[in-house]
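Structure assessment
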Amino acid sequence: MRKKIMFIFVLVVMLCFGCSQDEGHEAITDTVTFIAPSSIGGGWDKTARAIQDILLSNNLIDEDIHVLNKIGAGGELGWKYTKQQKKHVLAMNSSLLITNHLLGQSKLTYKDFTPIATLATEWNVVIVSKDSKIKSAKGLMEELKETPQAYKIGVSPRLGNDDQISFVLASKQAGVHPEKLDFLVYENSDEVVDALLKKQIDVATMTLSEAKKYYDLNQVQLLVISSEKRLKELPEIPTWKEEGIDVVFKHWRGIMGPPNMSKKEIEFWETTFAKMVKTIEWKQTLQTYMWEDFYMNSRDTSRFLDDENKKYEKLLEIY
């Protein structure tokens, strides 16, 4: 009888141990999918693939990671897909998640998702083709002040993103009527630059990491950057402030999950990303793309998004 009692006791202990192990791994039990709501090579895609490489190479996650590009509607298609998932799916985000809604282009809001982390920021630049007659951002704004539709301005993937907003803020500071500017929208930065080189547009605004490869190929000129001061990597590129326009503007990117993620899932990803941003590989990624560290955990990201929503509500009054 005693042996039978002991057997039952051991069995119960083993079952409980098995339950606790399963609960500890609730967050990750299968292939993880990172949604890049843009085409390959875009900012969201670069972020997702950098995370994928670093998490796997540093053994920060046991399961496989798949990057899925869901392209269209300024991130909307990828984020709609993410919202419908139950688990093991995370999506890259940026301020477009906020501005799409504020501009009436989407019913989705940042509150429809679970904030996981904010990761990095980068700067916006204004570019022209190498042979353009436009030689400075100051000269460009002076001409647009006189004739707002003098030049066609390319932007992607949607109006209301940081690339366009930073340009609009600068133009308003320069005395230009931003509502009169002639913006043409493209799916991605590659299409924007292609249009620029084919003379279908005259000017483009995008993130530095997207523009730099064309700059390195000597195909475009970088007129100005939205940073506080010149970058040591590109000391030849002036800031908006140097061009007489008091604008400093950061473009941030983060990561989020579907609604109703469990506490254990959130804790798992918080721990994982906190480790990731301390790796040498992540620091090298920041350096490669000239991004700046802007890490915040889930709770801080939630507060940050609330603040950003208020900020963009005020910024978009110019529209």
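Please read all numbers here as calculations on a predicted model, not as lab measurements.

Below, the discussion takes up the packing of helix α5 (residues 137-146) against helix α6 (residues 162-173). Across the interface, α5 lies against α6 with an axial gap of 10 Å and an inter-helix angle of 70 degrees. Taken together, the axes of α5 and α6 lie roughly perpendicular to each other. Contacts between α5 and α6 involve Leu140, Met141 and Leu144 from the first element and Phe167, Ala170 and Ser171 from the second. Residue composition of the contact of α5 with α6, by class: five nonpolar, one polar and no charged.

Scanning the model with the defined rule gives nine aromatic pairs in all. Each ring, one from Trp282 and one from Trp291, has its centre 6.4 Å from the other, and the planes form 55 degrees; the classification is tilted. Side by side, Trp282 and Trp291 carry an identical accessibility label, which is buried. Cluster of aromatic residues (ring-pair linked, three or more members): Phe34, Phe268, Trp269 and Phe273. Directly above the aromatic system of Tyr81 lies the positively charged group of Lys70, at a separation of 4.5 Å from the ring centroid. In this structure, Lys311 packs its charged tip against the face of Phe249, placed 5.5 Å from the ring centre.

Mapped onto the secondary structure, Thr207 falls in strand β7 (residues 203-207). Taking the relative accessible area as the measure of exposure, Thr207 reaches 1% and is therefore buried. Beyond its immediate stretch of four places on either side in the chain, Thr207 contacts Glu122, Trp123, Asn124, Val125, Asp163, His251 and Arg253.

So, on to the layout of surface pockets. Reported here for the largest pocket is a volume of approximately 220 Å³. In terms of lining, the largest pocket is formed by 15 residues, of which the most central are Leu169, Val248, Phe249, Lys311 and Leu315. At the level of elements, α6, β9 (250-257) and α11 (298-315) are the ones that each hand at least two residues to the lining of the largest pocket. In terms of residue class, the lining of the largest pocket is built from eight nonpolar, two polar and five charged.

Applying the stated rule across the entire model yields one cavity of 30 Å³ or more. There is about 200 Å³ of room inside the largest cavity. Lining of the largest cavity is provided by 18 residues; of these, Gly43, Trp44, Ser156, Pro157 and Glu210 occupy positions nearest its centre. Secondary structure elements with two or more residues in the lining of the largest cavity: α2 (43-57) and β9. A per-class count over the lining of the largest cavity returns three nonpolar, eleven polar and four charged.

Criteria and cut-off values
Along every chain, residues carry numbers that run from 1 in the direction the sequence is written. It should be noted that, the model being predicted, local features are given only for residues of pLDDT at least 70 and side-chain atom pairs only at 80 or more, the latter also being counted only at that level, while totals for whole chains, interfaces and linings use all residues. For side-chain calculations, the full set of non-hydrogen atoms in the structure is used, while hydrogens and water are omitted. In this analysis an axis means a line fitted to C-alpha atoms, helices contributing only their contacting stretch, and an angle means the value between N-to-C directions, from 0 to 180 degrees. Note on conventions: DSSP H or I runs of at least 4 residues are helices, E runs of at least 2 residues are strands, and numbering of each starts at the N terminus. Angles below 35 degrees are treated as roughly parallel, those above 145 as roughly antiparallel, those between 65 and 115 as roughly perpendicular, and all remaining angles as oblique. Only heavy atoms matter for contacts: two residues are in contact if any of them lie within 4.5 Å across the pair. Gly is put with the polar residues, along with every residue not named as nonpolar or charged; the nonpolar set is Ala, Val, Leu, Ile, Met, Phe, Trp, Tyr, Cys and Pro, and the charged set is Asp, Glu, Lys and Arg. Two aromatic rings from Phe, Tyr or Trp, using only the six-membered ring of Trp, form a pair when their centres are within 6.5 Å; if the ring planes differ by under 30 degrees the pair is stacked, by over 60 it is edge-to-face, and anything between is tilted. Only protein chains enter the area calculation, which uses a 1.4 Å probe; residues under 20% of their type maximum are buried, those over 50% are exposed, and those in between are partly exposed. Our definition puts a charge over a ring when NZ of Lys or CZ of Arg is within 6 Å of the ring centre and also within 35 degrees of the ring normal. We place a 1 Å grid over just the protein atoms. Points where a 1.4 Å probe fits but has no way out form a cavity, open points with protein on both sides within 12 Å along at least 5 of 7 lines form a pocket, and any residue with an atom within 4 Å of a point lines it. Grid points are joined across faces, edges and corners, and a volume is the space filled by probe spheres set on the points.

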